[in-house]
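# Coordinates in review
What follows is the residue order along each chain.
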Amino acid sequence: MGSGSGQWSVENRAPVRTESLVSEYVPETGCLSIIVLGASGDLAKKKTFPALFHLYRQGFIQSQDVHIFGYARTKISDNDLRDRIRGYLTPCKGFESTHEEDVGQFLQLIKYVAGAYDTEEGFRSLDKEISAYELSKNSTEGSSRRLFYLALPPSVYPPVCKMIKSYCMNKSDLGGWTRIVVEKPFGRDLESAEELSAQIGELFEEPQIYRIDHYLGKELVQNLMVLRFANRFFLPLWNRDNISNIQIVFREDFGTEGRGGYFDQYGIIRDIIQNHLLQVLCLVAMEKPVSLKPEHVRDEKVKVLQSVLPIEDSEVVLGQYEGYTDDPTVPDNSNTPTFATMVLRIHNERWEGVPFIIKAGKALNSRKAEIRVQFKDVPGDIYKCKKQGRNEFVIRLQPSEAMYMKLTVKQPGLEMNTVQSELDLSYGQRYQETIIPEAYERLILDTNLTNLVYGFYRIRGDQQHFVRRDELKAAWEIFTPLLHKIDRGEVKSLNYKTGSRGPEEADKLAEKAGFVQTHGYIWIPPTL
Ligand SMILES: NC(=O)C1=CN([C@@H]2O[C@H](COP(=O)(O)OP(=O)(O)OC[C@H]3O[C@@H](n4cnc5c(N)ncnc54)[C@H](OP(=O)(O)O)[C@@H]3O)[C@@H](O)[C@H]2O)C=CC1
Ligand SMILES: O=C1O[C@H](COP(=O)(O)O)[C@@H](O)[C@H](O)[C@H]1O
């Protein structure tokens, strides 16, 4: 790293060798079929196909051994599907000049099959298409790999899994496999999630099931364990003796945008908090795992979830933005929250007494997701620093990925004043040449493709960044009592204005829980 010109530059360093990450490189020889079920939908066009395109452009998906199938009920042709997704395929950094050509070649890998989610006929035609492709590649029966991505509402997972199991399985005796990727929210509450798990569990083994939570694929979420467990700085500070409170925040500056029908059945807690923000909380709060093996990491996450105390009604604020019910698919009297702030408390030695303030909202005044660790006041403060604000360590997940530490320094110059400033690691500036992959790219890669990890080849099929069944159960246990109260109308959503911070009561709750806002200081992402 050199800063002679005043600019940061990044040297290529040898990869760090980490013993526990070494795993055997076992080549998989058969061809791979990726089947996107629900291909006509929102997730497929906005996230799944674009992620596959980027993997293709970066060489992880190669036309000679990977084919992509779209499946849904809508009766459209191959070309219709290609036209639907074309506009969502954004150029890969560094490949802008060949983008049109790349898109054309990628789209040719996609074939569409129309069919129902619960009938033999559709899945038999799908199997026929996949088998024809495998045959055309001379892939030995039993060596081919089939990845079914369920970009579908969870209500159709059981029939779809049954159909896959009955008509579309690969014979896995020669290194081939069949895997399924299921989206969140997995169920509506503890009971329905357990039922869904049991139904799918009868059809597939746990290692075949990838419960995706795309927040686990975000760069700075993947960095959390490295940050906590590979740096001496944080080890002694990361506990109730030093930390006053931790906020985990998700804000969007747009509403449900045509997804009102889906959203109204779930609400912000099931859509964002029970999964995305809770997964982040686990990584912030867990103890160091025995190793980086997926089961060791997930064991520690489960322990955190099981230590969360029941949520107090007095520590919850719900909101619904004005205009939410204008969507014709949303009932006029809907109480579904589009905003929630709540305090989670972890009953263990490290975190007793430290509130985790969780906040998520749609149609707010900004779009961002971040973790804000606020430290306690300095004891015996001779500078009267309280007026400047507390130390905070902020991990900005998006946009403008960054980590910064808010700290008090001497005001530069002749005066002897203190002022709040920051140590700033902004990724856009520090890693200018690096392409930060989209969360879905990374996670799809984890399900099936071979890649370099910390300098070693390993077979993907790594479930560390996916949710295990007991983890899911523990997550639903936390929220189910509250969700049932909301469903029964016992906890009401307060109105808030589109483009606001959400209900004022939410800020008051955070303050009551111990968060001290710094006034007069705002971190601004550095521009290049
Ligand atoms: N959209 C997003 O940004 C995100 C979505 N997700 C999750 O991904 C999954 C899919 O989401 P999304 O694409 O938005 O959903 P959509 O509502 O767009 O549904 C996807 C497809 O499923 C079929 N479908 C929709 N409703 C039903 C139904 N009631 N019964 C049977 N089939 C139905 C439709 O295809 P057809 O009628 O052609 O069969 C539709 O095109 C959900 O679990 C969601 O929570 C997760 C993260 C982000
Ligand atoms: O899972 C979901 O996530 C998106 C937000 O994802 P992000 O990566 O853009 O932060 C959210 O808009 C959607 O409601 C939800 O289903």
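Note that the coordinates shown come from a computational prediction; the quantities given were computed from them, not determined experimentally.

So, about the side chain of Arg-372. Secondary-structure assignment places Arg-372 in strand β11 (residues 368-375). For Arg-372, a relative accessible area of 13% gives the class buried. Only 2.6 Å separates the side chain of Arg-372 from the side chain of Glu-392, close enough to count as a polar contact. Contact partners of Arg-372, with chain neighbours within four places excluded, come to Asn-245, Ile-246, Gln-247, Glu-392, Phe-393, Val-394, Tyr-404, Lys-406 and Phe-515.

With that settled, consider the packing of aromatic side chains. Scanning the model with the defined rule gives 19 aromatic pairs in all. Geometrically, the ring pair formed by Tyr-321 and Tyr-496 is edge-to-face, given 6.3 Å between the ring centres and 70° between the ring planes. Of the two residues, Tyr-321 is situated in strand β8 (residues 316-321) and Tyr-496 in strand β17 (residues 494-496); the sequence distance between them amounts to 175 residues. Under the relative-accessibility criterion, Tyr-321 is labelled buried at 9%. Judged by centre distance (5.1 Å) and plane angle (65°), the ring pair of Tyr-427 and Tyr-431 falls under edge-to-face. Taken together, the ring pairs connect Phe-263, Tyr-321, Tyr-324, Phe-339 and Tyr-496 into an aromatic cluster. One Lys or Arg, Arg-179, reaches over the ring of Trp-177 and ends 3.9 Å from the middle of that ring. The residue whose ring lies beneath Lys-218 is Tyr-215, and the NZ or CZ to ring-centre distance is 4.6 Å.

What follows covers the site of ligand 1. With respect to spatial proximity, 21 residues lie near ligand 1, and among them Ser-40, Leu-43, Thr-74, Tyr-117 and Lys-184 are the closest. Contacts to ligand 1 include Tyr-117, whose side-chain N or O atom sits 2.6 Å from an oxygen atom. Backbone polar atom of Lys-184 to an oxygen atom of ligand 1: 2.7 Å apart, as the coordinates give it. Relative to its unbound accessible area of 870 Å², ligand 1 is 77% covered by the protein chains. Counted by class, the shell around ligand 1 contains 12 nonpolar, four polar and five charged residues.

The nine strands lie next to each other as β14-β13-β12-β11-β7-β10-β9-β8-β17, forming an open sheet whose pairing is mixed. The sheet terminates laterally at β14 (418-426) and β17, the two strands that pair on one side only. Neighbour-to-neighbour, the strand axes of the sheet open up by a mean angle of 20°, direction not taken into account. Its contacts with the sheet place helix α9 (residues 260-285) against β7 (243-251), β8, β9 (339-345), β10 (355-361), β11 and β12 (392-398), and it is angled at close to 145° to β10.

With that settled, the discussion passes to the site of ligand 2. Taken together, 14 residues lie near ligand 2, and Tyr-215, Lys-218, Glu-252, Asp-271 and Gln-398 sit nearest. In the model, an oxygen atom of ligand 2 is placed 2.6 Å from a nitrogen or oxygen of the Asp-271 side chain. Note that an oxygen atom of ligand 2 is positioned 2.7 Å from one of the side-chain N or O atoms of Gln-398. For ligand 2, whose free accessible area comes to 390 Å², the fraction covered by protein is 86%. The element that contributes the greatest number of residues to the shell around ligand 2 is α9, accounting for three residues. The class makeup of the residues in the shell around ligand 2 is three nonpolar, three polar and eight charged.

This paragraph deals with the nonpolar core. Leu-37, Leu-126, Leu-150, Ile-269, Met-342, Leu-344 and Phe-356 are the most contacted members of the largest nonpolar core, which totals 144 residues. It is α9 that contributes the most residues to this core, 13 residues altogether. Listed in part, the five residues of the second largest apolar core include Val-394, Ala-402, Tyr-521 and Trp-523.

We now examine the pattern of salt bridges. Per the counting criterion, the structure on display carries 33 salt bridges. Its salt-bridge partner being Asp-42, residue Lys-46 comes within 2.8 Å of it at the nearest N-O pair. Remark: Asp-42 and Lys-46 occur in helix α1 (residues 42-57); sequence separation between them is four residues, near one turn of the helix. Look at Lys-46 and you get partly exposed, because its relative accessible area is 39%. Shared partners join several salt bridges into a network, and the residues in it are Lys-368, Glu-370, Arg-372, Glu-392, Arg-396 and Lys-406.

Quick look at the sheet that holds strand β4 (residues 145-150) now. The strand order across the open sheet formed by six strands is β3-β2-β1-β4-β5-β6, and the pairing between neighbours is parallel. Both outer strands of the open sheet, β3 (110-114) and β6 (209-211), are each paired with one neighbouring strand and no more. Recorded for the sheet is a direction-independent mean angle of 20° between the axes of neighbouring strands. Judged from the six bridges that link them, strand β1 (residues 32-37) and strand β2 (residues 66-72) form a sheet pairing that is parallel. Its bridge partner being in β2, Ser-33 is matched across the sheet by His-67. Its contacts with the sheet put helix α4 (residues 120-136) on β1, β2, β3 and β4, and the angle it makes with β2 is roughly 170°.

Time to look at the state of the cysteines. A complete count under the given rule lists zero disulfides for this structure. In this model Cys-161 remains outside any disulfide bridge; the closest cysteine sulfur is found in Cys-168, 11 Å from its own. Taking the relative accessible area as the measure of exposure, Cys-161 reaches 0% and is therefore buried.

Mapping Gln-388 onto the fold places it in the loop between β11 and β12. For Gln-388, a relative accessible area of 14% gives the class buried. Separated by 2.4 Å, the side chains of Gln-388 and Thr-418 make a polar contact. In contact with Gln-388, other than residues within four places in its own chain, are Thr-408, Thr-418, Val-419, Gln-420 and Thr-518.

On average, residues of the protein chain carry a pLDDT of 90, and 92% of them reach 70 or more. Note that residues 1-26 has pLDDT below 50 and, in this model, 31 contacts with residues that lie over four places away or in other chains. Within the model, pLDDT remains below 50 along residues 451-459, and this stretch shows 30 contacts once partners closer than five positions in the same chain are excluded. Complex prediction metrics read pTM 0.91 and ipTM 0.97.

Take the packing of helix α6 (residues 190-203) against helix α13 (residues 469-487) next. A pair of packed helices can be characterised by two numbers: the angle between their axes and the separation between those axes. Axis separation between α6 and α13 bottoms out at 9 Å; the angle between their running directions is 165°. By the angle class used here, α6 and α13 are roughly antiparallel. As for how α6 packs across α13, the hand of that crossing is right-handed. Every residue of α13 that contacts α6 at Leu-190, Ala-193, Glu-194, Ser-197 and Ala-198 is listed here: Arg-469, Leu-472, Lys-473, Trp-476, Glu-477 and Thr-480. Counted by class, the contact of α6 with α13 contains five nonpolar, two polar and four charged residues.

Conventions adopted
Residues numbered from 1 in each chain as written. Chains lettered and ligands numbered in written order. Predicted model: local features only at pLDDT ≥ 70, side-chain atom pairs only at ≥ 80, totals over all residues. Heavy atoms only, no water. Helix = DSSP H or I, 4+ residues; strand = E, 2+ residues; numbered from the N terminus. Buried < 20%, exposed > 50% of the residue type's maximum accessible area, 1.4 Å probe, protein only. Polar contact = N/O pair within 3.5 Å; in protein donor to acceptor, adjacent residues only side chain to side chain. Contact = heavy atoms within 4.5 Å. Phe/Tyr/Trp six-rings, centres within 6.5 Å; stacked < 30°, edge-to-face > 60°. Lys NZ or Arg CZ within 6 Å of the ring centre and 35° of its normal. Near = heavy atom within 4 Å. Areas by Shrake-Rupley, 256 points an atom, 1.4 Å probe, with all protein chains shown as cover. Nonpolar A, V, L, I, M, F, W, Y, C, P; charged D, E, K, R; others polar. Pairing = 2+ DSSP bridges. Axes fitted to C-alpha atoms, helices over the stretch in contact; angles between N-to-C directions. Core = buried A, V, L, I, M, F, W, Y, C linked by side-chain atoms within 4.5 Å. Salt bridge = Lys/Arg side-chain N within 4 Å of Asp/Glu carboxyl O. Disulfide = S-S within 2.5 Å. pLDDT = per-residue confidence, 0-100. Parallel < 35°, antiparallel > 145°, perpendicular 65-115°, else oblique. Left-handed = near helix turned anticlockwise from the far one by under 90°.

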